Amino acid sequence: MIKNIIVLVSFIAAVQSACDNACSGHGCCGPKSVCECFDNWGLGLGLLSGDCSERICPFELAWVDTPDSLGNFHKYAECSNKGICNRGTGECECFPGYEGKGCQRTSCPNDCSGHGRCKYIEDLPFAQVPADYTNTIKKGGNFLSQDAHTYHYYGWDNYKTRGCECDPEYGDVDCSKRLCQFGTDIMDQRDDLLTPQKYQVQKLIFQADSGDSFSNLDRTFALTFKSKLNETFTTLPINFYSPTGGLNTVNGFSSDGLHEFVLDIQNGLERLPNRVIDKVEVHAAVDASSQIHVNITFVGDNVQGPQNLVTVRSYLCGDGCSPKLSGLELQVSTQNITELLESDFNSYECGRRGKCDYTTGVCQCFAGYTGLSCSTVACLV
């Protein structure tokens, strides 16, 4: 009898000390009958242990929250305060515009409409081409960089905020609009009609890395041009100098070779697809320090007005690379590209004489104008 009473008392004590629902199998029963839940298990908004029956969702830096006593914002919060936690699955159900583990990042508008790439803010480039940064910010103009410049970003939302980088021929914040041709306003008036109109001139400077001015003979490089429609085209390999001999020399260089060099650059640019550059004029000269100066003048109807600076592909690009280049050995300080002369011509969408149909990318010219960019007068009234 006494033995049975002892067993009964022990059973009652064990029942009284057991944790609620045996911690649902997701924790251990601790002192005072309180569950010690396994990771990512708990109960309720207070994230208390309870019976460990509900999942806890991922925590990330909050997009919006209240400040602490020091005025600090963006503390860690469940679902980044931009979603509702599904306690059954432990996954965040993010509000529109947010995605990822714990709703940690923004989604891009309309997923860039299928015509762009969604990029983090720190990966979005400055301007259009590498030379924009070197000329605008550093005032140096060197063409060492091969890609548009990006900045280091240390804001609280790095690797969180994203935006679209559109594919060629598409624009707007969600890349949903088809871009129309740019051209000069044919009716634009100049202050002085007696002076010839100026075309944009881009200047390249090359100098061999060694003392031997001919060290780059037969080496190849290429030029990349980015149009106003975000199209990027790269020329076929250009021979830096052709060993053609000739009696005429300029500062030790064969003028015949220099002439062929000029023709290679001109033909390479004018042969880019879609007549993106319909006409250029190229001139070159060699100074007493063996620097080669190349001036590229954009005189075609398709390239009137300010154009993006070309990018010089001067690096080795071997087997499997397109175009295959042997590269140039140049002095770093002389690898330079600048805008030597600004254009008098302007450059507007549809030449400012038409309306762009953003569904087709075709200009709807106003009455009296025609052409891809409405830059041709159809009739005079």
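Note: the structure precedes this text.
We now turn to the structure provided with this report. (Residues numbered from 1 in each chain as written. Predicted model: local features only at pLDDT ≥ 70, side-chain atom pairs only at ≥ 80, totals over all residues. Heavy atoms only, no water.)

The next point concerns the layout of surface pockets. The space that makes up the largest pocket amounts to roughly 640 Å³. Elements that contribute at least two residues to the lining of the largest pocket include exactly β11 (116-120), β12 (162-166), β17 (220-226) and β24 (311-313). At three residues, the largest contribution of residues to the lining of the largest pocket is made by β12. When grouped by side-chain class, the residues that make up the lining of the largest pocket number nine nonpolar, seven polar and nine charged. By volume, the second largest pocket amounts to about 460 Å³. Elements that contribute at least two residues to the lining of the second largest pocket include exactly β15 (182-183) and β28 (362-365). In terms of residue class, the lining of the second largest pocket is made up of ten nonpolar, ten polar and six charged. (1 Å grid on protein atoms, 1.4 Å probe; cavity = no way out; pocket = protein on both sides within 12 Å on 5 of 7 lines; lining within 4 Å. Points joined across faces, edges and corners; volume = space filled by probe spheres on them. Helix = DSSP H or I, 4+ residues; strand = E, 2+ residues; numbered from the N terminus. Nonpolar A, V, L, I, M, F, W, Y, C, P; charged D, E, K, R; others polar.)

In this section: the pattern of salt bridges. As a working rule, side chains carrying opposite charge can pair if their charged atoms are close by. Across all of its chains, the model carries 13 salt bridges by this definition. Notably, a salt bridge pairs R87 with E78, separated by 2.8 Å at the nearest N-O pair. Relative accessible area serves as the criterion here: at 16%, E78 is assigned to the buried category. K324 is the partner of D319 in a salt bridge, and the nearest nitrogen-oxygen pair spans 2.7 Å. A single salt-bridge network, built from bridges that share partners, covers D185, D188, R352 and R353. (Salt bridge = Lys/Arg side-chain N within 4 Å of Asp/Glu carboxyl O. Buried < 20%, exposed > 50% of the residue type's maximum accessible area, 1.4 Å probe, protein only.)

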